[in-house]
Amino acid sequence: MFQDRNIGCVECGEEFVFSSDDQQYHSERGYSDPKRCPSCRAARRSQSGGGGGYGGGGGGGGFRSDRPMFTTTCAQCGQEAQVPFEPRGDRPVYCNSCFSQQRQSSSY
Ligand SMILES: [Zn+2]
Ligand SMILES: [Zn+2]
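Residues numbered from 1 in each chain as written. Chains lettered and ligands numbered in written order. Predicted model: local features only at pLDDT ≥ 70, side-chain atom pairs only at ≥ 80, totals over all residues. Heavy atoms only, no water.

Colleague: Describe the overall build of the protein, naming the residues involved and giving the relevant values.
Modeller: Assigned secondary structure in the protein consists of 3 helices and 4 strands. Along the chain direction, N to C, the helices and strands of the protein fall in the order β-β-α-α-β-β-α. Counting all 108 residues of the protein, 16% fall into the buried class. Within the protein, counting contacts between residues at least 6 apart in sequence, those at least 24 apart form 20% of the total. Put simply, the protein shows about 8,800 Å² of open surface, and 44% of that area lies on carbon and sulfur atoms. (Helix = DSSP H or I, 4+ residues; strand = E, 2+ residues; numbered from the N terminus. Buried < 20%, exposed > 50% of the residue type's maximum accessible area, 1.4 Å probe, protein only. Contact = heavy atoms within 4.5 Å. Areas by Shrake-Rupley, 256 points an atom, 1.4 Å probe, with all protein chains shown as cover.)

Structure (structure tokens):
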């Protein structure tokens, strides 16, 4: 059966206990051993802002430069906004910062 193991956290270097219960849980689900202590894991989880997304170094951000961009006026703050679609006037268009605010306030 499983025995408690100490694992060194790759993030902060602290040792943490990978308990037998946790090992059983991980092996039942085919997970590999944890590499980070619980506090670093919690920190990472809160940093990434929810929504899963396992593995792979996320890169970049920003729009692809080969997309045509349309310049319009943000419906929220009135500043110039660049959007990757043609504004039609039947729905409000927001600049990047207002758009992310809208998403945050509406999704939770
Ligand atoms: Zn750690
Ligand atoms: Zn705005």
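Colleague: Which residues make up the coordination of the zinc ion (ligand 1), and what values do they have?
Modeller: Within the first shell, the zinc ion (ligand 1) binds the protein through Cys9 (SG), Cys12 (SG), Cys37 (SG) and Cys40 (SG), at distances of 2.2 to 2.3 Å. Note that the zinc ion (ligand 1) binds 4 donor atoms; their angles at the metal cover 103 to 116°, and the shape is tetrahedral. Considered as a linear motif, the donors of the zinc ion (ligand 1) on their single chain read C-x2-C-x24-C-x2-C. Comparing Cys37 with Cys40, the two get one shared label, buried. (Donors = N, O, S within 2.8 Å, 3.2 Å for Na, K, Ca; no water. Tetrahedral: all angles 85-135°; square planar, octahedral: opposite > 155°, others 65-115°.)

Colleague: Give a detailed account of the confidence of the model for the protein, specifying residues and quantitative values.
Modeller: Residues with a pLDDT of 70 or more make up 81% of the protein, whose mean pLDDT is 83. At the low end of the mean pLDDT range in the protein sits helix α3 (residues 96-107), at 81; at the high end sits strand β1 (residues 5-8), at 96. (pLDDT = per-residue confidence, 0-100.)

Colleague: Give me the packing of aromatic side chains: which residues, what numbers.
Modeller: For the structure on display, the rule yields 1 aromatic pair. If you follow Arg29 out to its NZ or CZ, it ends over the ring of Tyr25, 4.0 Å from the centre. (Phe/Tyr/Trp six-rings, centres within 6.5 Å; stacked < 30°, edge-to-face > 60°. Lys NZ or Arg CZ within 6 Å of the ring centre and 35° of its normal.)

Colleague: Which residues make up the coordination of the zinc ion (ligand 2), and what are the values?
Modeller: Each donor-metal-donor angle in an ideal tetrahedron of four donors is 109.5 degrees, and each such angle in an ideal octahedron of six donors is either 90 or 180 degrees. The zinc ion (ligand 2) binds to the protein through Cys74 (SG), Cys77 (SG), Cys95 (SG) and Cys98 (SG); the donor distances cover 2.3 Å. One way to put it: the 4 donor atoms around the zinc ion (ligand 2) meet at angles of 104 to 115°, and that makes the site tetrahedral. Counting gaps between the donor residues of the zinc ion (ligand 2) yields the pattern C-x2-C-x17-C-x2-C. Of this pair, Cys77 sits in the loop between β3 (70-73) and β4 (80-83) while Cys95 sits in the loop between β4 and α3, and the two are 18 residues apart along the sequence. A relative accessible area of 10% places Cys95 in the buried class.

Colleague: I'd like a rundown of the pattern of salt bridges, residues and numbers included.
Modeller: According to the stated counting rule, one finds 4 salt bridges in the structure shown. Among the salt bridges present, the one from Arg5 reaches Asp33, with a minimum N-O distance of 2.8 Å. With Arg5 in strand β1 and Asp33 in the loop between α1 (20-29) and α2 (38-48), this residue pair connects regions lying 28 residues apart in the sequence. A residue is classified by how much of its surface remains accessible, and Asp33, at 36% relative accessible area, is partly exposed. Notably, a salt bridge pairs Glu11 with Arg44, separated by 4.0 Å at the nearest N-O pair. One end of the pair, Glu11, is in the loop between β1 and β2 (15-18); the other, Arg44, is in helix α2, with 33 residues separating them in the sequence. Using a relative accessible area of 45% as the deciding quantity, one classes Glu11 as partly exposed. Beyond isolated ion pairs, a larger network of salt bridges with shared partners links Glu11, Arg36 and Arg44. (Salt bridge = Lys/Arg side-chain N within 4 Å of Asp/Glu carboxyl O.)

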